[in-house]
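Overview (structure and organization)
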Amino acid sequence: MEPEARRKAVSLATGIDQSAIDALSDAPALGLHVANGMIENVIGTYELPLGVATNFKVNGRDYLVPMAVEEPSVVAAASYMAKIAREGGGFRTSSTAPIMRAQIQILGLGDPFGARARLLADRDNIIEKANSRDTVLIGLGGGCKDIEVEVFSDSLIGSMVILHLLVDVRDAMGANTVNTMAESVAPHVEKITGGKVRLRILSNLADKRLVTASVRVPTDALKSGTHDGAEVSQGIVEACALALIDPYRAATHNKGIMNGIDPVVLATGNDWRAVEAGAHAFASRSGRYKSLTTWEIAKDGALVGTLEIPMALGIVGGATRTHPAAQAALKLMGVSSARELAEVTVAVGLAQNMAALRALATEGIQRGHMTLHARNIAITAGATGSEIDHIAKAIIAEEDVSVACAERLLEGLKAV
Ligand SMILES: CC(C)(COP(=O)([O-])OP(=O)([O-])OC[C@H]1O[C@@H](n2cnc3c(N)ncnc32)[C@H](O)[C@@H]1OP(=O)([O-])[O-])[C@@H](O)C(=O)NCCC(=O)NCCSC(=O)C[C@@](C)(O)CC(=O)[O-]
Ligand SMILES: NC(=O)C1=CN([C@@H]2O[C@H](COP(=O)(O)OP(=O)(O)OC[C@H]3O[C@@H](n4cnc5c(N)ncnc54)[C@H](O)[C@@H]3O)[C@@H](O)[C@H]2O)C=CC1
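Nothing here was measured: the structure is a model prediction, and the numbers come from that model.

In terms of nonpolar packing, the biggest core is built from 58 residues, with F56, V65, F91, I261, W295, I309 and M311 touching the most fellow members. For this core, the element with the most residues is helix α13 (residues 338-361), which contributes 11 residues. Within the second largest apolar cluster, 32 residues are counted, among which are L163, V167, V178 and V185.

Bringing the packing of helix α9 (residues 229-245) against helix α10 (residues 247-267) into the picture now. Between α9 and α10, the shortest axis-to-axis distance is 6 Å and the interhelical angle comes to 115 degrees. Seen along the crossing, α9 lies across α10 with a hand that is left-handed. Between α9, through C240, L242, A243 and I245, and α10, the contact on the second element is made entirely by P247, R249, A250 and H253.

Averaged over every residue, the pLDDT of the protein chain is 95; the share at 70 or more is 99%. Scoring of the predicted complex yields 0.95 for pTM and 0.93 for ipTM.

The immediate surroundings of ligand 2 are formed by 21 residues, with D134, G174, T177, N204 and D271 found nearest. A distance of 2.9 Å is found between an oxygen atom of ligand 2 and a side-chain nitrogen or oxygen belonging to N204. In the environment of ligand 2, an oxygen atom lies 3.2 Å from a nitrogen or oxygen atom belonging to the backbone of G318. Protein chains bury 72% of the 880 Å² of accessible surface belonging to ligand 2 in isolation. No other element matches helix α8 (residues 175-193), which puts 4 residues into the shell around ligand 2. Here the residues of the shell around ligand 2 sort into 10 nonpolar, 7 polar and 4 charged. Formed jointly, the shell around ligand 2 draws a minimum of three residues from each of two domains, domain 1 (3-96 + 209-363) and domain 2 (99-203).

The next point concerns the site of ligand 1. Every one of the 22 residues lining ligand 1 counts as a neighbour, but S73, K83, R249, K255 and R367 are closest to it. One nitrogen or oxygen atom from the side chain of R249 is found 2.7 Å from an oxygen atom belonging to ligand 1. A distance of 3.1 Å separates an oxygen atom of ligand 1 from a polar side-chain atom of N259. When the free accessible area of ligand 1 is taken as 1,100 Å², the share hidden by the protein chains comes to 67%. Sort the elements by how many residues they give to the shell around ligand 1 and α10 lands first, with 6 residues. When grouped by side-chain class, the residues that make up the shell around ligand 1 number 8 nonpolar, 9 polar and 5 charged. Of the residues that make up the shell around ligand 1, three or more belong to each of domain 1 (3-96 + 209-363) and domain 3 (368-415).

Rules used throughout
- Residues numbered from 1 in each chain as written.
- Chains lettered and ligands numbered in written order.
- Predicted model: local features only at pLDDT ≥ 70, side-chain atom pairs only at ≥ 80, totals over all residues.
- Heavy atoms only, no water.
- Core = buried A, V, L, I, M, F, W, Y, C linked by side-chain atoms within 4.5 Å.
- Buried < 20%, exposed > 50% of the residue type's maximum accessible area, 1.4 Å probe, protein only.
- Helix = DSSP H or I, 4+ residues; strand = E, 2+ residues; numbered from the N terminus.
- Axes fitted to C-alpha atoms, helices over the stretch in contact; angles between N-to-C directions.
- Left-handed = near helix turned anticlockwise from the far one by under 90°.
- Contact = heavy atoms within 4.5 Å.
- pLDDT = per-residue confidence, 0-100.
- Near = heavy atom within 4 Å.
- Polar contact = N/O pair within 3.5 Å; in protein donor to acceptor, adjacent residues only side chain to side chain.
- Areas by Shrake-Rupley, 256 points an atom, 1.4 Å probe, with all protein chains shown as cover.
- Nonpolar A, V, L, I, M, F, W, Y, C, P; charged D, E, K, R; others polar.
- Domains from an automatic or database assignment.

Here you go:
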């Protein structure tokens, strides 16, 4: 299909209105006026391709998933694995309540453990003060629910007490929400402890806001070329084993997971730096950086994959409401809560990891990836309009997906 036909198909499948479709089209959805209101020193806007991943079934419901990404083969790979996963019923997901953590650093204490005890005894008061400002969030059933207090000792600055506010942020990503709370309780915290408050900021290690996605794929569904399903499953398990013990492999393995997650985070106007920071800090929680997924073979021979990861995403707040294309992307997905968005996003991350491992364990990554990269190469070599597809097909046929080959064939084409 051409983009226009795809838009019509998406509109038909999801029932989203024309204005949402327009916001996803090549007309600049994010006008200069809106962009200028979003960040500082704006001189323009910056575009990325927006694709739609197909075939996703999550908890029995079908989704089309918007993905904003510059890398070829990512959207195709996710769609392909989602198709295979359907044979086992698709993806299953679960999530914890959307609890974010704010940190308040207290210095200059002679009795850090005494200060800790005073803060714990004042728990209800601290929670009440934290909740006194954001009436909207409290009205929705969110707000500060609990506290934690840590004592650390540092060789340079001595001891410090860290107070955590555990905040249910409902459908927000929650950074601004919890930062405001942390700043508002700081004077009270100084009074209770007798110390000096320094930092008041959320933690991006959102390990109380976890999503777990799993997939169970029947062996036969994994057959690939000359490789039977059992061989492919075994190859995926062996590939994952390396990522569970070796940080060098784990970094690339987890990059493959984020290939699926970041494009959805970006398309929906969410903070991808926050998601990335949380993912990698969580991957190091044992003291050793390792794979975020596990792959195993069940007793009946099915391949079982799981991904557990912090996922601080919002459908209100931040840019999710200001960027028209982000609003349209959320409509296209048809998600009605931040938790649902987070769960579908993690299912895409799991699918993407499965695609990479499946390719790596069989034919290698380059054929599928480079075939889809061929159009980029053709553009780099100077092809325009109809030349792009022509040159892309020609370099694939020559089995030489390189700029040099594309330039040579383009010269030949222009000479005709
Ligand atoms: C790229 C493929 C899918 C080609 O796969 P293929 O079998 O060569 O191609 P195909 O054209 O026969 O397509 C097969 C199926 O893919 C799906 N599909 C195909 N295209 C589309 C599309 N446009 N829209 C929707 N679905 C699509 C679709 O389901 C289709 O079946 P059909 O529907 O035709 O019966 C495969 O080779 C693959 O999955 N490769 C992995 C690619 C990948 O992981 N890319 C990420 C970049 S590499 C990287 O950055 C990370 C890495 C790899 O280092 C991570 C790591 O090391 O772990
Ligand atoms: N370290 C980090 O990750 C940091 C990130 N940020 C930025 O913070 C922004 C996100 O902050 P947010 O607090 O999410 O945004 P926000 O402050 O714009 O919106 C959240 C507010 O929306 C209201 N609200 C209305 N309906 C709601 C609902 N259904 N559920 C929850 N709240 C609802 C509440 O009053 C809530 O406090 C992002 O742009 C992010 O980039 C800011 C500072 C640090």
